[in-house]
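In case you want the letters, here they are:
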Amino acid sequence: MIIVRLPPVAKQVCQQVKNFLTLKISYVTNETMIILKDILRKYNEFVEEFLPFFTKEYLDQITDISSKSAFVWALG
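These remarks concern the structure in this document.

**Here's the deal with the packing of helix H2 (residues 10-22) against helix H3 (residues 26-42)**
Where H2 contacts H3, the axes come no closer than 9 Å and their chain directions differ by 150°. It follows that H2 is roughly antiparallel to H3 by the angle criterion. The interaxial crossing formed by H2 with H3 has left-handed handedness. Mapping the contact onto sequence places Val13, Cys14, Val17, Phe20 and Leu21 in H2 and Val28, Thr29, Thr32, Met33, Leu36 and Ile39 in H3.

The following block contains the structure:
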């Protein structure tokens, strides 16, 4: 994953991840949640930026088990 290897681009990558989540397309949300878990694991400072995406509205879009577990992991 590019964000882990190139920390200077972390802000831009996080912005793009937020853009993916705002698409509200199930398969995009599924994969984005898995990636988001890895991002938040490495960069704790971005947690507050993603808090608005941890709602029932987004949880209802997630259909994949591993994506749901990533969602739950991120909630802590």
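**Comments concerning unusual backbone geometry**
Positive phi, normally seen in glycine, also occurs at Lys24, with a value near 55°. Tracing the sequence through the fold places Lys24 in the loop between H2 and H3.

**Quick word on the pattern of salt bridges**
Evaluation of the coordinates by the stated rule reveals four salt bridges. A salt bridge links Lys18 to Glu49; its shortest N-O distance comes to 2.9 Å. Residue Lys18 is found in helix H2, and its partner Glu49 is found in helix H4 (residues 47-50); the two are separated by 31 residues along the sequence. Judged by relative accessible area, which is 15%, Lys18 ranks as buried. Here Lys56 makes a salt bridge to Asp60, at a shortest N to O gap of 3.1 Å. Taken together, the residues span about one helical turn, with Lys56 and Asp60 both in helix H5 (residues 56-61) at a distance of four residues. Accessibility classification places Lys56 together with Asp60 in one group, the exposed group.

**Re the nonpolar core**
Counting residues in each nonpolar core, the largest one holds 17 residues, and the members touching the most others are Val17, Leu21, Met33, Leu36, Phe46, Phe50 and Phe54. Counting residues per element, the ones that place at least two in this core are H2 and H3. Apart from the residues lying within four places of it in its own chain, the contact partners of Phe46 are Ala10, Lys11, Cys14 and Leu40.

**Describing a nonpolar patch on the surface**
A contiguous nonpolar surface patch, about 400 Å² in accessible area, is contributed by Phe20, Leu23, Ile25 and Tyr27. Residue position: Leu23 is located in the loop between H2 and H3.

**Thoughts on helix H6 (residues 65-75)**
For H6, every residue scored as buried is listed here: Ser67, Ala70 and Phe71. Looking down the long axis of H6, one finds its buried residues gathered within 100° of arc, a one-sided arrangement. Along H6, exposed side chains directed more than 90 degrees from the buried face belong to Ile65 and Val72. Among the structural elements, H3 and H5 are those in contact with the buried residues of H6. Of the residues trailing H6, Gly76 is marked for its positive phi of about 90°.

Conventions we followed
Residues numbered from 1 in each chain as written. Predicted model: local features only at pLDDT ≥ 70, side-chain atom pairs only at ≥ 80, totals over all residues. Heavy atoms only, no water. Axes fitted to C-alpha atoms, helices over the stretch in contact; angles between N-to-C directions. Helix = DSSP H or I, 4+ residues; strand = E, 2+ residues; numbered from the N terminus. Parallel < 35°, antiparallel > 145°, perpendicular 65-115°, else oblique. Left-handed = near helix turned anticlockwise from the far one by under 90°. Contact = heavy atoms within 4.5 Å. Salt bridge = Lys/Arg side-chain N within 4 Å of Asp/Glu carboxyl O. Buried < 20%, exposed > 50% of the residue type's maximum accessible area, 1.4 Å probe, protein only. Core = buried A, V, L, I, M, F, W, Y, C linked by side-chain atoms within 4.5 Å. Patch = residues over 30% accessible without salt bridge, like charges linked within 9 Å, V, L, I, M, F, W, Y side chains within 5 Å. Areas by Shrake-Rupley, 256 points an atom, 1.4 Å probe, with all protein chains shown as cover. Arc of directions from axis to C-beta.

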